[in-house]
Amino acid sequence: MTITENIRKELQALVDSKYQEFHSALVPGTENILGVRIPQLRVMAKEIAKRDDWRIFVEATDTKFYEEAMLQGMVIGRSKTALDEQMKYVERFVPRIDNWAVCDIFCGELKTAVKKGKETVWQFIQPYLKSTQEFELRFGIVMLLHYIDEGHIDLLLKYADSFCHDAYYARMAMAWMISICFVKFPEKTMEYLKHSKLDNWTYNKSLQKTIESLRVDKKTKDVLRSMKRR
């Protein structure tokens, strides 16, 4: 029995049918969801990353279920290997991303890689920010959430003005990024929004996501509502 088959057995023992129904509704078009909760996957990933054969698992292509791909991404993020090797595994994994949930969880797990080498990872994600593929582009944009800081905010807002893509999940990622930029750098992001070259849909979705934030005051939200493009 392969390591993937052993891990599949562990996953199948953790299936929650009600959660499967709930989570499937959040990830439309993904038909291979078992129904294992994210905290349980994180516990498994932590243990797999400690094993000597973790590389065999993340290199495996005989996966069948959504949770197996999710686990592979989590293990890559939690691996204690050198950054250059870790990024090789990231590069191999990104083309396998086919939904927003695996993408976003994976990006979150890569905070350890960013800590190892922030500039190295910054350079690594640049080609993905120009990709025409929906989830490669989303990966690049969601990774930018690790870079909403004083040293990168101007570059992020400049990139936002060059963004041009029709895919829903890429546009949603951009709107999400801008809303977080607004929370952390309200004056700069407000100024950006006043002169933004974003398409109307992504621009309005950016306003909506910002307005939904609990960290933006009512007066500012009213101003943002008045800025909606008709």
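Rules of the game
Residues numbered from 1 in each chain as written. Predicted model: local features only at pLDDT ≥ 70, side-chain atom pairs only at ≥ 80, totals over all residues. Heavy atoms only, no water. Salt bridge = Lys/Arg side-chain N within 4 Å of Asp/Glu carboxyl O. Helix = DSSP H or I, 4+ residues; strand = E, 2+ residues; numbered from the N terminus. Buried < 20%, exposed > 50% of the residue type's maximum accessible area, 1.4 Å probe, protein only. Contact = heavy atoms within 4.5 Å. Core = buried A, V, L, I, M, F, W, Y, C linked by side-chain atoms within 4.5 Å. Phe/Tyr/Trp six-rings, centres within 6.5 Å; stacked < 30°, edge-to-face > 60°. Lys NZ or Arg CZ within 6 Å of the ring centre and 35° of its normal.

### Section: the pattern of salt bridges
Stage number 1. With the rule as written, the count across this model stands at 15 salt bridges.
Stage number 2. The salt bridge partner of E68 is R8, with a shortest N-O separation of 2.7 Å. Here R8 lies in helix α1 (residues 3–12) and E68 lies in helix α5 (residues 66–78), a separation of 60 residues in the sequence. The residues E68 and R8 share a single accessibility class, namely buried.

### Structural notes on the environment of I153
Stage number 1. Assignment of secondary structure puts I153 in helix α11 (residues 153–162).
Stage number 2. The class of I153 is buried, set by a relative accessible area of 0%.
Stage number 3. Sequence-wise, I153 and K188 are 35 residues apart; in three dimensions their C-alpha atoms are separated by 8.4 Å.
Stage number 4. Beyond its immediate stretch of four places on either side in the chain, I153 contacts Y147, C181, F185 and K188.

### Details of the environment of K18
Stage number 1. Note that K18 resides in helix α2 (residues 17–26).
Stage number 2. Each C-alpha atom of the pair K18 and T2 lies 29 Å from the other, and the pair is 16 residues apart in sequence.

### A few points about the nonpolar core
Stage number 1. One finds F139 and M177 to be the most contacted residues of the largest nonpolar core, which totals 80 residues.
Stage number 2. If you tally residues by element for this core, the top one is helix α12 (residues 168–184), at 8 residues.
Stage number 3. For F139, the residues in contact, after removing those within four places along its chain, are V90, V94, I97, C103, F106, C107, L110, F124, I125 and Y128.

### Digging into the packing of aromatic side chains
Stage number 1. Summed over the entire model, instances satisfying the criterion amount to 10 aromatic pairs.
Stage number 2. Ring centres of F106 and F139 lie 6.0 Å apart, and the angle between their planes is 25°; this geometry places the pair in the stacked category. Highlighted residues: F106 in helix α7 (residues 100–109) and F139 in helix α10 (residues 134–143), separated in sequence by 33 residues.
Stage number 3. Among the aromatic side chains, those forming a connected cluster through ring pairs are F93, F106, F124, Y128 and F139.
Stage number 4. Above the plane of the ring of Y203 lies R229, whose end atom (NZ or CZ) is 3.7 Å from the centre.

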